[in-house]
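# Breakdown of the fold
The residues making up each chain are set out below.
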Amino acid sequence: MRATYNALESHCPLIVYIDIKSPYAFVAIKPTLALEAELGIQFDWRPLTLDIPSYLGSARKKEGRVIESDRTPQQWNGVKYAYRDARRYAERQGYMLKGTEKIWDSSLINIGILWVMENDRARLSNFFEAAYPPFWRRALDVEDIDVVEATIEASGVSAEGFASYASGIGRQRHDDLQNQLHPSGIYGVPTYVFDKHILFGREHLPYVRWYLSGQRGAAPDIAYEI
Amino acid sequence: MLDIYIDFKSPAAYLALKPTLRLASKYGTEVNWLAVQTKQAPIPEAAPVEDRGTTHRRVRAIARQKMHLHYARLQSITMNFPPTPGNTDFALAMLHALEGDRTEFVQAAFASYWVDNQDLNNAEIVSSLAGSRHPAPDVQNSLATISAQVEAAGVIDAPAYVIASELFIGREHLPWIETLITPHG
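Note that residues are indexed from 1 along each chain, following the sequence as it is written. Think of it this way: whatever chain is written first is A, whatever ligand is written first is 1, and the rest follow in order. At least 70 in pLDDT is required for a residue's local features to be given in this predicted model, at least 80 for side-chain atom pairs to be given and counted, and no such filter applies to totals for whole chains, interfaces and linings, which use all residues.

### Regarding the overall build of chain A
Quick reminder of the rule: Working definition: helices are DSSP H or I runs of at least four residues, strands are E runs of at least two. Numbering for both runs from the N terminus. Here the radius of gyration uses the C-alpha set of atoms, whereas the globule reference equals 2.2 Å times the residue count to the power 0.38. Exposure criterion: with C-beta atoms placed from backbone coordinates, a residue whose C-beta has 20 or more other C-beta atoms within 10 Å is buried, one with 12 or fewer is exposed, and one in between is partly exposed. This entry defines residue contacts through backbone-placed C-beta atoms, with two residues in contact when those atoms are within 7 Å.
Within chain A, the regular secondary structure consists of nine helices and six strands. Here the C-alpha atoms of chain A give a radius of gyration of 17 Å, agreeing with the 17 Å that 2.2 N^0.38 yields for 226 residues. Projected onto the principal axes, the alpha-carbon positions of chain A cover approximately 50 × 45 × 35 Å. Across the 226 residues of chain A, 39% fall into the buried class. A separation threshold of at least 6 residues defines the contact pool for chain A, and within that pool the share at least 24 residues apart is 70%.

Right under this line is the structure:
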């Protein structure tokens, strides 16, 4: 079990930062897992718990209607496009993506990523499948410790000890990592960190593949591969 | 026909130029260049005390500029960020006013801004880029029309592609756009 995390360093050739409440992170999971399998390399998956209201305003919906918001019209237009865009790609992947009704505190389920990485790395993709699609169907309360423990168990990973980890050393590791991110130049999800590159967005996966597989031929441009 | 909304001061729109032309050429598709006014801000200076949102925006702005420069190198194109983003209103009005194939003007205007850092709100510079094809446009009227067009299309940034009633913002969508292009359409 590791003692601490350095935001830019890993024993793996690639670090992937994700957060369950980002629709862009959701649609990045499948292609990033596919790249991991294709290259036969284990990536170092880590949480980046977004503080969305600090840069994009906050909002709360009930039954599809906005009941609280301090977003500007421009911020709303950007958010609406982002959801429409992520939704069409999620549907191509066979998933449902419903807009969230509030801005979640995703730190608990994100500590779950550290737990699975540290205790049963081989089942990480099971954990993503148990957590992300239900969350985006509005069927997972990621702030509820019982729900998060059940999600960990559903992925085939033991959750015994998770509650004390989540309120103790796991929380400490998560918070310590979050404090390193902005000073390291990391601000969003998904972010890919490798060999002095810090690239935000799954559109960089073609470049990541090219780089990690020997940099043969011309480097590719950004693309959402379909 | 592929509609693409651009602003000459948008680094993402500049980087979309070559891949978009390559895709259009592959299918013999005409590109309809349309104008959109985007907001570009200089990278904020770090303040001794910042709230989290201010830090986020500064870190994001630095990362985005580095990312654009990275892909400009991969595309082998020159990309000189001016110290403060320029005003491109006159060039956008000219783009709106020109008729027929505007690709030549678009290429010249992008190069003027990103290679030579010229002022694309300067009537003389922009008119020279357009050649003798068109008299100076009425900037205020053109911008009002552009704004109405952009709002109707739901465009919020550049480059924005509209094809088969779908809106895509960013050249990263070109693989999907390619599936919607009808050859010679």
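### Thoughts on the sheet that holds strand β2 (residues 44–47) of chain A
Residue and element names in this part refer to chain A. The condition is simple: Two strands are counted as paired when DSSP detects at least two bridges linking them. An axis is simply a line fitted to the C-alpha atoms; with a helix, the fit covers only the stretch in contact. Between two such axes, the angle follows the N-to-C directions and lies from 0 to 180 degrees.
Taken in spatial order, the four strands make up an open sheet running β2-β1-β5-β6, and their pairing is mixed. Unpaired on one side and paired on the other, β2 and β6 (197–200) mark the two borders of the sheet. Between one strand axis and the next, the sheet turns by 20° as a mean value, whatever way the strands run. Pairing of strand β5 (residues 191–194) with β6 involves four bridges; the strand directions are antiparallel. By the bridge assignment for β6, Val 193 is matched with Ile 198.

### Let's talk about the interface of chain B and chain A
Selection criterion: Residues are sorted three ways: Asp, Glu, Lys and Arg are charged, Ala, Val, Leu, Ile, Met, Phe, Trp, Tyr, Cys and Pro are nonpolar, and all the rest, Gly among them, are polar.
Listed by partner, the interface residues are 23 residues for chain B and 21 residues for chain A. For the side of chain B that touches chain A, the secondary-structure elements that each account for two or more residues are α2 (52–74) and α7 (174–180) of chain B. Sorting elements by how many residues they give to the side of chain B that touches chain A places α2 of chain B first, with twelve residues. In terms of residue class, the side of chain B that touches chain A is made up of twelve nonpolar, five polar and six charged.

### Looking at the confidence of the model for chain B
Our working rule: In predicted models, pLDDT denotes the confidence assigned by the predictor to each residue on a 0 to 100 scale.
The share of residues in chain B with pLDDT of 70 or more is 97%, and the mean pLDDT across the chain is 95. On the interface metric, ipTM, the complex scores 0.95, and its pTM is 0.94.

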